[in-house]
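Per-entry structural report
Chain residues, written in single-letter form:
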Amino acid sequence: MNKTVLECNGIAAGYVKDLNILQGVDLVVKEKEIVSIIGPNGAGKSTLLKAIMGLINVSGGRFYINGIEKTNLATHKIVNEGIGYVPQVANVFPSLTIEENLEIGSWSLNKQQKESLKQIYDQFSLLKDRKKDKAGNLSGGQRQILALARALITKPTLLLLDEPSAGLSPVAINEVFSIINDINESGVSILLVEQNAKRALSFSDRGYVLDQGRNAYQGKGEDLLNDPRVIDLYLGKL
Amino acid sequence: MLDQLGNGLLLGIIISVASVALSLLYGVTRIVNFAHGEIIALGAIATLFLSSPIDYRVLFLDKFSPLGLDFFLSCILAVIICGLFGGLLELILFRPLRKGNVGNIAVLVVTIGLSIFIRHLYLLFATGKVQNFPLELQRRQTYLFFDMTPRNLKVLIIGILVMILIGLLLTYTKLGKAMRAVRDSEELSSVSGINSDNIILITWISSSMLAGLAGVFQATINDVRWNMGFLILLLIFAGTVLGGIGTSFGAMVGGLIIGILVQVSVGLPFMEGHTEAKNAVALGIMIVILLFRPQGIFGQKERIS
Ligand SMILES: Nc1ncnc2c1ncn2[C@@H]1O[C@H](COP(=O)(O)OP(=O)(O)OP(=O)(O)O)[C@@H](O)[C@H]1O
Ligand SMILES: [Mg+2]
């Protein structure tokens, strides 16, 4: 059995005091896995990723990273635990150049910064070609690639992705998913939040369905896809 | 009109330095700091206190006598004091407000209250009357095609050097990049491993040091008054908005333009005998420019997605 990279245990969290959006969520991501979180709008999917990153107030439950408890770790230290995060909105620094975006992404690396930058450029030639351009001038798909690269530059063991395909053209979606697949094949675990549940579940090893801040269903990707209850709750709407 | 160009450049550089400070703070923290003027005044009052001769009564309270330090040293110390003061404001006031998710408008009102409070403390304890730095008078000379005293020329040169330095710092250093990153998104900065609280603290300190420097300049050229910062605050806002809110380069140029316009307008024919109204022309021009370029001269329209 693979090692557990991330474990969330009964997470309760919200944006303001005494108003929990998440009401006891459990979730596990193992080494090299792709795990997706689906659920209706407002279910708390983005909120869960923010709670993992320490961006919001966690009032109950525990987080374990590689088996060690890391509840309430300051956000800027979480990247050192090998977790990268690409938020749903504002996922690049628009007024910074592409190169500066990557430099900020590699803030926590000291000496290896140059080397990592070179590797990212080798992997994404688009970014190398336009490194002096402002990130704000990139197209949606190019931005998403930069956002992935920014999170990837520290060589995380787990990447949290919040709707990486939102607002992209079909061609760009395919490209982004193929990049995510490559990243996963290089040994990085992926925790993916997606609107497009069919695509996400068929792409994932396992999935969790969230509803109103709680775990509704979980299981293997294809099992969830065919589960009548999941179809009722969620997939039926598509 | 042209004889006012030297004065215009001087006022311009003061407003420019102060505008850069204001826009740096706004960019990184989204705080519109009405107490900015009081930090400017602090720079001047601290310099006055540090540098005036010991037997000279600067402060109304008899207990405090000035320190009689070297003038240049006093200026440097005053700028440092302003930086510490700004850092303290962040630590005891603005950080707790931020952690409590207090909204931007409420914070704006806090800075207005703070401005009034500090300003009246100055009135109570410091210089209720107009005072001058302990400097000997100098004759104006002609440099190229504008007139100013040698000391004021020094102010101008130091001002320009400081701005170049700030520009380089923001563009090329790790700290400058981090400041710009936090300006774009605090959340994304912190998930990238930046301790954004530290960056915001450093921003408060640098912004306040620049404000203090503007105060030292202003008092060197003119005089020290308890409300001197408040008096030029509107011009500083005008410079910041004119250049484009949140761009440091814009604030630099915007401040310079406002300063020059204010001074040069004194020389307009219909302004004769109405120097009190000199702000009208500059602010009128600012409004007209904004009508045609709402984002300011150098501001960029944000691409929303
Ligand atoms: N910044 C915020 N402040 C207060 N409440 C918020 C904030 N962001 C989200 N919420 C609330 O938290 C709940 C969950 O939102 P969340 O963004 O996690 O949903 P989601 O599952 O990601 O939805 P979507 O599919 O639309 O992205 C919603 O009720 C939303 O109104
Ligand atoms: Mg979401």
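By convention here, each chain's residues receive numbers from 1 onward along its written sequence. For naming, the first written chain is A and the first written ligand is 1, with later ones following in the order written. The predicted nature of this model means local features are confined to residues of pLDDT at least 70 and side-chain atom pairs, given and counted, to a pLDDT of 80 or more, with totals for whole chains, interfaces and linings taken over all residues. To get the side-chain values, all heavy atoms of the structure are used, and hydrogens and water are removed first.

Applicable threshold: UniProt positions are given in the numbering used here, feature names are shortened, and annotations may be inferred rather than shown by experiment.
As annotated in an unreviewed UniProt entry, chain B is Branched-chain amino acid ABC-type transport system, permease components from Candidatus Actinomarina minuta. Its UniProt record gives chain B the following Subcellular location (unreviewed entry) comment, quoted word for word: "Cell membrane". Within the UniProt record for chain B, the comment given under Sequence similarities (unreviewed entry) is "Belongs to the binding-protein-dependent transport system permease family. LivHM subfamily."

1. Things to note about the overall build of chain A
Put simply, the test is: Numbering goes from the N terminus for both helices and strands, where a helix is a DSSP run of H or I of at least four residues and a strand is a run of E of at least two. Summary of the burial criterion: residues with accessible area below 20% of their type's maximum are buried, those above 50% are exposed, and those between are partly exposed, where the area comes from a 1.4 Å probe applied to protein chains only. Computed with the Shrake-Rupley method and a 1.4 Å probe, the accessible areas treat only the protein chains shown as cover for residues.
A count of helical and extended segments in chain A gives 10 helices and 10 strands. Projected onto its principal axes, the C-alpha coordinates of chain A cover approximately 50 × 40 × 35 Å. With 238 residues in all, chain A has 53% of them scored as buried. Summing over all exposed atoms, chain A offers an accessible surface of approximately 10600 Å²; the carbon and sulfur share of this is 47%.

2. Some remarks on the pairing of strand β9 (residues 206-211) of chain A
All names here are of chain A. Basically, it comes down to this: Each pair of strands is called paired provided DSSP finds at least two bridges between the two strands.
The sheet contact formed by strand β3 (residues 34-38) and β9 spans 4 bridges and is parallel. Bridge pairing in β9 links I37 to Y208. Inspection of the sheet shows β9 paired to strand β10 (residues 214-220) by 6 bridges, in the antiparallel sense. For V209, the partnering residue across the bridge sits in β10 and is Y217.

3. As for the nonpolar core
The test is simple: Note on terminology: a nonpolar core comprises buried Ala, Val, Leu, Ile, Met, Phe, Trp, Tyr and Cys residues joined through side-chain atoms within 4.5 Å. Throughout, a residue-residue contact means that at least one pair of heavy atoms, one from each residue, lies within 4.5 Å.
Residues A:L6, A:L27, A:I52, A:L160 and A:L191 are the most contacted members of the largest nonpolar core, which totals 113 residues. No other element matches the 14 residues that helix α1 (residues 5-29) of chain B contributes to this core. Excluding residues within four positions of it along the chain, A:L191 makes contact with A:L6, A:L27, A:V29, A:V35, A:I37, A:L49, A:I52, A:L158, A:L159, A:L160 and A:L161. One finds A:L117, A:A147, A:I173 and A:V209 within the second-largest nonpolar core, a separate group that totals 40 residues.

4. Describing the pairing of strand β6 (residues 83-86) of chain A
All names here are of chain A. By the alternation rule, side chains of β6 split into I83 and Y85 and G84 and V86, which are all buried. Pairing between β6 and strand β7 (residues 158-162): 4 bridges, direction parallel. Pairing of I83 across the sheet is with L158, part of β7.

5. A closer look at a nonpolar patch on the surface
Which entries qualify depends on this criterion: By definition, no residue in a patch forms a salt bridge, and every one has over 30% relative accessible area; like charges are joined within 9 Å, nonpolar side chains (Val, Leu, Ile, Met, Phe, Trp, Tyr) within 5 Å. Salt bridges are identified by distance alone: a Lys or Arg side-chain nitrogen within 4 Å of an Asp or Glu carboxyl oxygen.
Taken together, the side chains of B:F72, B:L73, B:I76, B:L77, B:I80, B:I81, B:L84, B:I158 and B:M209 make up a nonpolar region of the molecular surface, amounting to roughly 750 Å² of accessible area. The residue B:I158 is located in helix α5 (residues 150-172) in this model.

6. A few points about the coordination of the magnesium ion (ligand 2)
Residue and element names in this part refer to chain A. Which entries qualify depends on this criterion: Only nitrogen, oxygen and sulfur atoms within 2.8 Å of the metal, or 3.2 Å for Na, K and Ca, are treated as donors, and water is left out, so sites may look incomplete.
Surrounding the magnesium ion (ligand 2) are the protein donor atoms S46 (OG) and Q88 (OE1), which sit 1.9 to 2.2 Å from the metal. Placement of S46 in helix α1 (residues 45-52) and of Q88 in the loop between β6 and α3 (98-105) is noted, with a sequence separation of 42 residues between them. With a relative accessible area of 15%, S46 lands in the buried category. Here Q88 falls in the partly exposed class, since its relative accessible area comes to 35%.

7. As for the sheet that holds strand β4 (residues 57-65) of chain A
Residues and elements named next belong to chain A. Which entries qualify depends on this criterion: Axis geometry follows a simple rule: fit a line to the C-alpha atoms, using only the stretch in contact for helices, then measure angles between N-to-C directions, giving values from 0 to 180 degrees.
Ordered in space as β2-β1-β4-β5, the 4 strands form an open sheet in which the pairing is antiparallel. A strand with exactly one partner marks an edge of an open sheet, and here the two such strands are β2 (22-30) and β5 (68-69). Docked against the sheet, α1 engages β1 (4-14), β2 and β4, running at close to 70° with respect to β2.

8. Section: the sheet that holds β6(A)
Residue and element names in this part refer to chain A. With mixed pairing, 6 strands are arranged side by side in an open sheet as β6-β7-β8-β3-β9-β10. Among the strands making up the open sheet, the edge pair consists of β6 and β10. Across this sheet, the average inter-strand angle for adjacent strands is 15°, counted without regard to direction. Taken strand by strand, α1 contacts β3, β6, β7, β8 (189-193) and β9, and its axis lies near 145° from that of β7.

9. Some remarks on the packing of α3(A) against helix α6 (residues 140-152) of chain A
Residues and elements named next belong to chain A. Rule in force here: Roughly parallel here means an angle under 35 degrees, roughly antiparallel means over 145, roughly perpendicular means 65 to 115, and every remaining angle is called oblique. Each crossing is labelled by how the near helix is turned from the far one, with a counterclockwise turn of less than a right angle marking it left-handed and a clockwise turn marking it right-handed. For this scheme, ten residues count as nonpolar: Ala, Val, Leu, Ile, Met, Phe, Trp, Tyr, Cys and Pro. Four count as charged, namely Asp, Glu, Lys and Arg, and the remainder, Gly too, count as polar.
Contact geometry for α3 and α6: axes closest at 8 Å, N-to-C directions at 30°. Here α3 is positioned roughly parallel relative to α6, judged by the angle of their axes. For the pair α3 and α6, the crossing hand works out as right-handed. Across the interface between the two elements, I98, N101, L102 and G105 from α3 touch L146, A149 and R150 from α6. Of the residues belonging to the contact of α3 with α6, the class tally is 4 nonpolar, 2 polar and 1 charged.

10. Side note on the interface of chain B and chain A
Stated formally: Buried area: the accessible surface (1.4 Å probe) lost by two parts on joining, summed over both. N or O atoms within 3.5 Å of each other form a polar contact, as long as, within protein, one can give a hydrogen and the other can take it, and as long as residues adjacent in sequence are counted only when both atoms are side-chain atoms.
Every contact between the two is made by 21 residues of chain B and, on the other side, 28 residues of chain A. Both sides together, the interface formed by chain B and chain A hides about 2200 Å², and carbon and sulfur atoms give 55% of it. Where chain B meets chain A, there are 2 salt bridges. We note a salt bridge from A:E100 to B:R180, for which the minimum N-O separation is 2.8 Å. Where chain B touches chain A, the interface holds 4 residue pairs in polar contact (both at pLDDT 80 or more). Of all elements in the fold, only α6 (174-184) and α7 (186-191) of chain B reach the threshold of two or more residues within the side of chain B that touches chain A.

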